[in-house]
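# Examination of the molecular architecture
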Amino acid sequence: MACIDLNSDLGEGFGVWRLGDDGAMLDIVTSANVACGFHAGDPAGLLRVCRSASERGVRIGAQVSYRDLAGFGRRFIDVDAEDLLADVVYQIGALQAIAQASGSAVSYVKPHGALYNTIVTNREQAAAVAQAVRMVDAALPVLGMTGSVFFDEATRVGLRTVAEAFADRAYRPDGQLVSRREPGAVLDDPAAIAQRVVKMVNTGTVIAVDGSVLAITVESVCVHGDSPGAVQIATAVRDQLNVTGTEIQAFC
């Protein structure tokens, strides 16, 4: 029987502004990538999300990013490696305290947005992120993209890597994600997305935007919490995986 983790980006509201339905998503996913305040999230909101995750037995991951609230962490920043390392250490530490106060713990780390995409190929920044995680807790797994230099650097410093695929994002022929600035980058048909995820999990393949077939490794599937219809999409994915006999459980 196949086994898969479902993760989602949560805790991304700020003050009176709310993004997505964190409560509903926590009833669906097994791992929550919780913002750490650099791209989104405020302390009170993060505490609420971590408490809710703890009550449901959902694993909490630190979703670290560039310091970019205005751009939601989706803009590349040419930050010095030492500064990036310190920023990542700071973010993990902040969420560790909030998770602990909620009766849980940070179980893994996942980079967000532009940082996630940058460290697929940027070795200097990838090394800084990997080293930061190792300095905080070498037992923390990192969630990311197979074939990335981030995974190379994480493995080099002894971190466990967990391969992620995206339910609702289009793939380029080289295996990277299509930029959100391009048409069709974010998928929105729940039934089609659910079938796509089942194929990813069962065959280890996904169709790229040019029609080519990509081989992928999938241990966790990301269902974005901020997409239109996010709850419906995540529900359809979970239901279809259940129908096909896939066991859904956290990877850590």
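Predicted, not measured: the structure shown is a model, and the values here were computed from it.

### Re the side chain of H224
Position of H224 relative to the elements: it lies in the loop between strand 9 (220–222) and helix 8 (230–243). The exposure class of H224 is buried, given its relative accessible area of 6%. Within polar-contact distance, the side chain of H224 engages the side chain of D168 at 2.9 Å. Apart from residues no more than four positions distant in its own chain, H224 is found in contact with S8, D9, M25, F166, D168, R169, R180 and A230.

### Notes on the pattern of salt bridges
Per the stated rule, a full pass over the model turns up 9 salt bridges. Note that D87 and R67 form a salt bridge whose closest N and O atoms lie 3.2 Å from each other. Pair noted here: D87 is in helix 3 (residues 81–101) and R67 is in the loop between strand 3 (59–64) and helix 3, with a separation of 20 residues, a long-range link. For R67, a relative accessible area of 57% corresponds to the exposed category. D68 serves as the salt-bridge partner of R75, at 2.4 Å between the closest nitrogen and oxygen. Three or more residues joined by partner-sharing salt bridges are found here, namely R123, D152, E153 and R156.

### Quick notes on the pairing of strand 1 (residues 3–10)
The element strand 1 is extensively covered by neighbouring structure, given that 7 of its 8 residues are classed as buried. Pairing of strand 1 with strand 10 (residues 247–248), which is carried by 2 bridges, proceeds in the parallel orientation. Within strand 10, the position partnered with C3 by the bridge is E247. The sheet contact formed by strand 1 and strand 9 spans 3 bridges and is parallel. Note that in strand 9 the partner of D5 across the bridge is S220. For strand 1 and strand 2 (residues 31–35), the ladder comprises 4 bridges, and the chain directions are parallel. Looking at strand 2, one finds that L10 is bridged to V34.

Cut-offs and rules
Residue positions are given per chain, counting from 1 as you read along its sequence in written order. Where local features are concerned, this predicted model is filtered to residues with pLDDT of at least 70; where side-chain atom pairs are given and counted, the filter is 80 or more; whole-chain, interface and lining totals use all residues. Excluded from the side-chain calculations are hydrogens and water; all other atoms, namely the structure's heavy atoms, are used. Put simply, DSSP H or I for four residues or longer makes a helix, DSSP E for two residues or longer makes a strand, and each gets a number counted from the N terminus. Partly exposed describes any residue whose relative accessible area lies between the buried limit of under 20% and the exposed limit of over 50%, with all areas from a 1.4 Å probe on protein chains only and scaled to the type maximum. Residues adjacent in sequence count toward polar contacts only when both atoms are side-chain atoms; beyond that, a polar contact is any pair of N or O atoms within 3.5 Å, and within protein one must be able to donate a hydrogen and the other to accept it. Throughout, a residue-residue contact means that at least one pair of heavy atoms, one from each residue, lies within 4.5 Å. The salt bridge definition used is simple: a Lys or Arg side-chain nitrogen within 4 Å of an Asp or Glu carboxyl oxygen. Between any two strands, at least two bridges found by DSSP are needed for them to pair.

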